[in-house]
Every structure is written in structure tokens, then in C-alpha cells.
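This is what each chain is made of:
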Amino acid sequence: MIGLISATAAGAAARDRLAAAWPDRTRVYDGPVGDAVRRAFAECERLVCFLATGAVVRLVAPLLDGKTADPGVVCVDEGGRYAVSLLGGHAGGANDLAREVGAVLGAEPVVTTATDAVGIAGLDTLGLPVEGAVAAVSRALLDGEPVALRAEVAWPLPPLPVAEDGPYAIRVTDRAVEPAEREVLLRPPTLVVGVGASKGAPAEEVLGLIEEALREAGLSPRSVAELATVDAKAEEPGIVGAAARLGVPLVTYGAEELARVEVPNPSDAPLAAVGTPSVAEAAALLGGGELLVPKRKSSARPAMATCAVVRRPGRGRLAVVGLGPGARDLLTPRARAELERASVLVGLDQYVDQIRDLLRPGTRILESGLGAEEERARTAVAEAREGRAVALIGSGDAGVYAMASPALAEASDDIDVVGVPGVTAALAAGAILGAPLGHDHVSISLSDLHTPWEVIERRVRAAAEADIVVTFYNPRSRGRDWQLPKALAILAGHRDPATPVGVVRNASRPDESSRLTTLGALDPATVDMMTVVTVGNTATREIAGRMVTPRGYRWQEEPR
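This write-up is about the structure you can find in this document.

Parameters and conventions
Residues numbered from 1 in each chain as written. Predicted model: local features only at pLDDT ≥ 70, side-chain atom pairs only at ≥ 80, totals over all residues. Heavy atoms only, no water. Helix = DSSP H or I, 4+ residues; strand = E, 2+ residues; numbered from the N terminus. Expected span 1.5 Å × (residues − 1). Buried < 20%, exposed > 50% of the residue type's maximum accessible area, 1.4 Å probe, protein only. Contact = heavy atoms within 4.5 Å. Salt bridge = Lys/Arg side-chain N within 4 Å of Asp/Glu carboxyl O. Disulfide = S-S within 2.5 Å. Axes fitted to C-alpha atoms, helices over the stretch in contact; angles between N-to-C directions. Parallel < 35°, antiparallel > 145°, perpendicular 65-115°, else oblique. Left-handed = near helix turned anticlockwise from the far one by under 90°. Nonpolar A, V, L, I, M, F, W, Y, C, P; charged D, E, K, R; others polar. Pairing = 2+ DSSP bridges.

**Description of helix α17 (residues 453–465)**
Then step 1. Look at α17: 18 Å from first C-alpha to last across 13 residues, which is about the 18 Å you get at 1.5 Å a residue.
Then step 2. If you check which residues of α17 are buried, you get W453, V455, I456, E457, V460, A463 and A464.
Then step 3. Each element contacted by the buried residues of α17 is listed here: β22 (441–445), β23 (469–473) and α18 (483–492).
Then step 4. Just beyond α17, the residue with positive phi is D467, at close to 60°.

Rendered as C-alpha cells:
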């Protein structure tokens with residue numbers, strides 16, 4: 001919950017705007033400001049104070065307990081100009097909250113955390129348990145000193161400016177080791193513990209068995225991702241309690257599913273009890289991985305619990321990101337976040353240039369020229385299969401005439417794939433022209449490099465006969481100058497020469513240009529590959545210099 005505190009009418013007005021935007025996330029604290037801050041500080045995960053920073057400093061100073069315990073605090077000034085991350089920038093989430101508040105109120109987020117200021121991912125913001133010399137290693141990263149990354153297990157980390165060797169180190173491990181003096185340990189959730197238990201097995205026995213198994217194998221409990229068992233034990237108190245004590249989810253599988261898993265130590269006892277010859281080993285192995293601890297029993301007499309431990313390989317992550325039509329303010333926040341998250345960026349060189357300044361230090365860039373789309377897709381998938389966080393970029397929406405199709409055709413289920421939508425050229429052009437896409441519409445690429453012209457022509461003819469608004473991508477190049485006239489001729493066989501046509505070049509970019517013409521008057525020679533051509537249907541009109549296609553399914557004919 002986010003506590004909201006204000007002292008003046010102007011502050012209360014901004015406070016109420018935020019409360020209205022986030023009704024389920026916020027709680028307004030009224031009354032004397034000092035009392036309100038104290039109550040919110042004790043009850044909320046984060047605070048937004050519509051007060052001067054000095055006042056908030058004096059109010060919260062006596063309440064501070066520690067970096068990991070204090071809520072994040074954001075201050076918004078009286079004029080609503082700035083949202084200042086004051087306390088708990090990373091651990092308390094104040095940095096992200098300042099950005100969110102700024103987006104709602106139109107305020108400038110002010111983040112002074114050193115790593116954020118220079119674009120380096122904070123070691124305590126990676127979503128992994130962290131141990132060791134966090135401050136010293138972070139300072140070394142900021143100062144440009146060599147920091148080695150020693151990954152004992154693969155995990156898709158965000159970019160970090162690391163070296164092959166150095167006096168400082170970031171160690172990615174699930175082993176139960178202590179950090180060295182100048183070392184940070186990152187604990188990825190790589191371990192799955194399969195658990196079986198007799199009815200009524202105490203949580204202490206189940207938990208004790210798991211802790212003993214991990215300890216003897218030299219594995220860290222902080223890297224346990226989940227407990228896994230058979231469906232029949234989904235509500236067994238001892239197993240449920242052990243998962244709760246470890247702070248991890250309990251995942252269950254059907255007996256038939258577990259029975260198909262090949263295990264080294266099957267047994268007749270679980271087969272008779274729950275219908276599978278293995279619970280602990282099979283449940284741990286079901287998602288694949290390396291069996292580190294074979295099935296073992298608890299030391300109680302009689303033993304009422306079994307467990308097995310598997311290390312699952314870190315799954316790489318491929319984000320297919322649409323950059324939009326070119327304008328920076330049409331790049332979505334989600335796309336920005338994925339660009340910052342990726343340790344490897346793969347893209348067309350001219351698209352990389354558009355967003356190079358948004359990448360974090362340490363991002364590895366793999367760029368290539370036109371015509372290498374399939375190669376880029378293969379490269380991105382291969383990098384993800386190595387356990388890395390990869391962003392594959394395309395213009396507009398990555399799924400529209402862009403990189404999503406070849407990438408997903410190459411990818412299998414051994415990596416996580418995330419699609420990040422973007423504003424398409426057709427949408428950007430439509431907004432410039434007016435509302436030409438107000439009813440059914442279709443986009444057709446006139447490039448026959450990958451699609452035979454006979455197929456393209458059949459699609460244009462179908463759109464013409466169906467009276468659908470058509471947006472042409474890739475309409476004309478030096479080597480392909482006859483396709484657009486042919487397509488326009490097909491449409492002209494079904495539409496009046498006065499049908500409005502919108503022509504937009506470099507939509508949303510600094511050299512953007514647009515014009516309205518008609519189907520009969522359009523000169524194809526004025527169109528190139530940077531242009532989007534939108535041809536209206538029989539209902540489309542030019543109204544006050546704008547291209548408008550009626551939304552309704554029924555309309556009355558109006559004089560043109």
C-alpha cells in the first residue's frame with residue numbers, strides 16, 4: 001500500500017489526483033502531518049509526501065530503522081513539478097515510484113541513486129538475493145574499476161560493465177559459500193526440491209530434511225525456487241508448512257505425469273499410495289535439469305518424508321521489442337524497460353542508432369545491415385539459449401513485417417520469449433491523416449522479396465472487392481516501381497477516382513511529411529520505401545482536411 005500525505009490545498013489536489021489514478025494501491029492519511037507520516041511509515045510499503053523535502057527529512061528521521069526495513073519515500077513539491085526519490089530508492093522502491101508518480105502528475109522524477117544516475121543496474125535491484133560487499137562492488141562499478149563476473153550457473157542478468165578479471169567480483173552461484181572481502185554473491189533461483197511425505201508428516205521433519213540435504217550437498221537455501229510434489233499431497237500440512245517457511249511456492253503434478261519421468265530410485269511404496277513409483281525425484285526432475293541430490297529419507301523413525309534436489313538450467317530470455325515509428329515519445333515504457341534489461345541487443349544498424357543512448361553500460365550490441373533478418377533472428381535465439389537476457393529490436397511493432405516472425409520460427413520452448421508491442425507505421429500515419437482506419441482495414445506489403453507477386457495481387461484484389469481500407473507498406477523502391485501502380489489499378493476497379501488517399505513519409509520523424517490526394521490523382525512516382533499509403537473505402541471522406549472513415553456499419557450517402 002502507498003500512503004499519501006499532504007499539508008496544503010495544492011498538495012491535497014495533487015494527492016487526490018494520484019489517489020483517483022490508483023484507487024486500489026493508495027491510502028490517504030489525514031490529520032496533523034506529523035501523525036500522518038508516522039502512521040503511514042508504520043503501515044505502508046511506500047509513501048508519497050506532498051511536502052517540502054526538508055520537512056519530510058525531519059519527520060522521518062526518528063523513524064528510520066534500516067535500508068531493508070524502511071519504506072520508500074517520494075516527495076512531490078507544492079507546484080507538482082518534481083517527484084523526488086528521497087528514501088529507499090532501491091530496496092524501498094522509491095526510484096520506480098518517483099517515475100510512476102511523475103507519469104501520472106506530469107512531474108519530473110528526480111532520482112539521485114548513483115547507479116541509476118549513470119545507468120548501471122543496482123546489484124540490489126536485480127530481483128535476486130544478494131550477499132557480500134554490495135556497497136564496495138557497486139562503488140567499483142561506478143568508478144570504472146575492473147569487476148569480474150564469475151557465473152557458476154547461467155542466469156539472464158541485465159547488462160553490467162564487468163571485466164574478465166579484477167580485484168572485485170560478482171559471483172553468480174547457488175552453492176553455500178561465503179563471499180570474499182570484495183565480492184558480491186547473487187543467488188539465482190536454480191534449485192527445485194522434490195518432496196514426498198506420509199500423511200501427517202510434521203513440517204519440522206520435512207523442513208529439516210530439506211535443510212540437511214542442501215547443507216550436505218553444499219547448496220544455498222536462498223537459491224531454492226520451489227518445492228514440488230504430487231497433486232495428492234497438495235494440501236499436506238507438513239509440505240505446505242515447509243514451503244511457507246522457505247518462502248517458496250509449492251508446485252504439484254499429477255501422478256500419471258510423474259510416472260512418466262525416468263528416475264534412478266523408483267519405489268513400490270509411492271506407487272501403491274499415490275499412483276507413481278516416484279514423487280520426490282520425479283517432481284524435481286519433471287522440468288528438466290541435473291539431479292544433485294538423489295532421493296533421501298528423513299532421519300526420523302519411521303521416516304515420514306523424502307526429498308530430492310535438482311538444478312534447473314537458467315532459461316534465457318528473448319524480448320522481441322517494437323521501437324515504434326521513430327519518435328522517441330512513441331517508444332513505449334515497456335520497450336524502454338526491456339532495452340535496459342537486456343545484456344545483449346540484436347538489431348538492424350539504423351534501428352540500433354535510434355536507441356543506443358538508452359542502453360545500459362555493458363550492453364553487448366550485435367548489429368547488421370538490411371537483408372540479414374534471418375541471421376539476426378538466429379543470433380538472438382542462440383544468445384538466449386546461452387542463458388542471456390536478449391532484446392531483438394524492430395521498427396513499429398516487431399510482429400508486423402518485422403523480427404517477431406523469424407525469431408519465433410527459430411525459437412523453441414527452451415527459452416522464454418516476450419513480445420513487446422509497438423506503434424506501427426500504419427497507426428502513426430493514420431493519426432497524422434485523421435481517422436482513416438475507423439472501420440475494417442488491412443495492411444499489405446507490396447514487397448515481393450519474400451512473397452510472390454501473384455499472392456500479393458490476390459490479397460489486394462480481395463481487399464478491393466471487400467471494400468476494406470488498405471494501407472500499403474513497402475510501396476515502391478528503385479527496383480520495384482510497377483507494383484504500386486498495379487495495386488492502385490486493382491483498387492480503382494472497385495472505387496471511385498475521388499476516393500481519398502493519404503500519403504505519409506517518415507511518420508513521426510523529424511522530416512515527416514503528409515498529404516491527402518485521391519485514388520485518381522496519386523502519382524506513384526512521389527512515393528518511396530519510407531512512405532505509407534492509405535487508400536480509403538467507398539465510405540471514406542475528406543472532412544476539414546482530414547481523412548475519415550465512418551465507424552458505423554450503416555451510413556447514409558453524403559455528397560462528396
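Structure's up, so let's keep going.
**A word on the pattern of salt bridges**
Two side chains carrying opposite charge are able to pair once their charged atoms lie near each other.
Then step 1. Scanning the model with the defined rule gives 33 salt bridges in all.
Then step 2. Across the salt bridge formed by R81 and D77, the nearest N and O atoms sit 3.2 Å from each other.
Then step 3. Across the pair E152 and R175 runs a salt bridge whose closest N-O atoms are separated by 3.2 Å. One end of the pair, E152, is in the loop between β8 (147–151) and β9 (168–172); the other, R175, is in the loop between β9 and β10 (183–186), with 23 residues separating them in the sequence.

**With respect to the environment of A402**
Then step 1. Tracing the backbone shows A402 in the loop between β19 (389–394) and α15 (404–410).
Then step 2. Between the C-alpha atoms of A402 and G552, which are 150 residues apart in sequence, the distance is 32 Å.
Then step 3. Other than its neighbours up to four places away in sequence, A402 contacts S395 and D397.

**A look at the state of the cysteines**
Then step 1. Applying the stated criterion across every chain, the model contains zero disulfides.
Then step 2. We note that C44 lacks a disulfide partner, and the nearest cysteine sulfur, in C49, lies 10 Å from it.
Then step 3. On the accessibility criterion, C44 (8% relative accessible area) is buried.

**Quick notes on the packing of helix α7 (residues 203–217) against helix α8 (residues 237–246)**
Then step 1. Two elements in contact, α7 and α8, have axes whose closest approach is 7 Å; the angle formed by their N-to-C orientations is 55°. One way to sum up the angle between α7 and α8 is to call them oblique. The crossing of α7 and α8 is right-handed. Here A203, E204, V206, L207 and I210 of α7 come into contact with α8, specifically with P237, G238, I239, G241, A242, R245 and L246.
Then step 2. A class-by-class count of the residues in the contact of α7 with α8 yields eight nonpolar, two polar and two charged.

**Structural notes on the sheet that holds strand β17 (residues 344–348)**
Then step 1. Reading across from one edge, β18-β17-β19-β16-β20 is the order of the five strands in this open sheet, with parallel pairing throughout. With partners counted over all chains shown, the strands left at the sheet margins are β18 (364–368) and β20 (416–420), one partner each. For this sheet, the mean inter-axis angle between neighbouring strands, taken without regard to orientation, is 15°.
Then step 2. Across six bridges, the pairing between strand β16 (residues 317–322) and β19 is parallel. The residue of β19 that forms the bridge with G322 is G394.

**Observations regarding the sheet that holds β10**
Then step 1. In spatial order, the strands read β7-β10-β9-β8; together these four strands make up an open sheet with mixed pairing. What marks the edges here is a single partner per strand, and that holds for β7 (130–132) and β8. Strand after strand, the sheet turns through a mean of 20° between neighbouring axes, direction not considered.
Then step 2. In this structure, β7 lies alongside β10, joined through three bridges in antiparallel fashion. Across the sheet, residue E131 finds its bridge partner in β10, namely L185.
Then step 3. On top of the sheet, helix α6 (residues 134–143) reaches β7, β8, β9 and β10; it is set at about 115° to β9, its chief contact.

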